[in-house]
Amino acid sequence: MFSFADLMNLYAIYTNTNPENIPNVTFILTLPNSSTFAIKIDNLNAFKSFLSSILTNPDAIQTSSQVQTEINRNNIFNKMCCSSCNPSNFSNGVNIYDKFISGFLNTLKNNGISLYRATDNVNGWEKLNPPLNSNSTVYTSSPCNN
């Protein structure tokens, strides 16, 4: 699933795009299980604030190495989305990808970004919506053309 570095790449693409093309800016990722996802910025100010909270997190910047700082930022983001996620771990019959997707949706639901999943062999898309309860892994989807 998406990393903090991916979110930073989306931000860079978005802010360096011709303004007329901004509504079409997405960052697409295909996972090893052949699932394809996309993220899109809905509210730039909320998204910038979220990114800033991780960029300035003391746990991320207490290192002299830029590489370690980036690793720390990715770890902080991963823990926010799913502290117990491990791709080889399935608990209580819950697919770990679904658990991370739910955590990703809950983490970013008020932070200016949307998550989409490809359908029909990448001929269609659905928007993924966060679970109604933040402790749940049951998210919903709605068809879309975005």
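Residues numbered from 1 in each chain as written. Predicted model: local features only at pLDDT ≥ 70, side-chain atom pairs only at ≥ 80, totals over all residues. Heavy atoms only, no water.

## Observations regarding the state of the cysteines
Move 1: Per the counting criterion, the structure on display carries 0 disulfides.
Move 2: Left unpaired, C81 is separated from the closest cysteine sulfur, that of C82, by 8.1 Å.
Move 3: Among the residues examined, C81 registers a relative accessible area of 5% and is labelled buried. (Disulfide = S-S within 2.5 Å. Buried < 20%, exposed > 50% of the residue type's maximum accessible area, 1.4 Å probe, protein only.)

## So, the pattern of salt bridges
Move 1: One pass over the structure, following the stated rule, counts 2 salt bridges.
Move 2: For R73, the salt bridge identified is with E70, shortest N-O distance 3.3 Å. With R73 and E70 both in helix α4 (residues 66-82) and 3 residues apart, this pair spans about one turn of that helix.
Move 3: The class for R73 is buried, based on a relative accessible area of 10%. (Salt bridge = Lys/Arg side-chain N within 4 Å of Asp/Glu carboxyl O. Helix = DSSP H or I, 4+ residues; strand = E, 2+ residues; numbered from the N terminus.)

## Remarks on the nonpolar core
Move 1: Judged by nonpolar contacts, the single largest core of 29 residues is most densely connected at L7, L10, I39, F77, F104 and L115.
Move 2: For this core, the elements supplying multiple residues, two or more each, are α1 (4-15), β2 (36-41), α2 (44-55), α4, α5 (96-108) and β3 (113-119).
Move 3: Among the elements that line this core, the one with the most residues is α5, at 5 residues.
Move 4: Grouped together as the second largest cluster of nonpolar side chains are 5 residues, Y116, A118, W125 and C144 included. (Core = buried A, V, L, I, M, F, W, Y, C linked by side-chain atoms within 4.5 Å.)

## With respect to the sheet that holds strand β1 (residues 27-30)
Move 1: Ordered by their spatial adjacency, 5 strands build an open sheet running β1-β2-β3-β4-β5, and the pairing between neighbours is antiparallel. Only two strands of the sheet have a single neighbouring strand rather than two, namely β1 and β5 (140-144). Between one strand axis and the next, the sheet turns by 30° as a mean value, whatever way the strands run.
Move 2: Across the sheet, α1 is in contact with β1, β2 and β3; its angle to β2 comes to roughly 55°.
Move 3: Its contacts with the sheet put α5 on β2, β3 and β4 (124-129), and the angle it makes with β3 is roughly 150°. (Pairing = 2+ DSSP bridges. Axes fitted to C-alpha atoms, helices over the stretch in contact; angles between N-to-C directions. Contact = heavy atoms within 4.5 Å.)

## With respect to the packing of aromatic side chains
Move 1: Enumeration over the complete set of coordinates arrives at 5 aromatic pairs.
Move 2: Ring geometry for F77 versus F104: centroids 6.0 Å apart, planes at 90°, classification edge-to-face. With F77 in helix α4 and F104 in helix α5, the pair connects residues that are 27 residues apart, well separated along the chain. Accessibility assignment for this pair places F77 and F104 in one class, buried. (Phe/Tyr/Trp six-rings, centres within 6.5 Å; stacked < 30°, edge-to-face > 60°.)

## Quick notes on α5
Move 1: Across its 13 residues, α5 extends 18 Å between first and last C-alpha, which sits within 8% of the 18 Å expected from 1.5 Å per residue.
Move 2: Contacts made by the buried residues of α5 are with α1, β2, α2, α4, β3 and β4. (Expected span 1.5 Å × (residues − 1).)

Nothing here speaks to function; it is geometry throughout.
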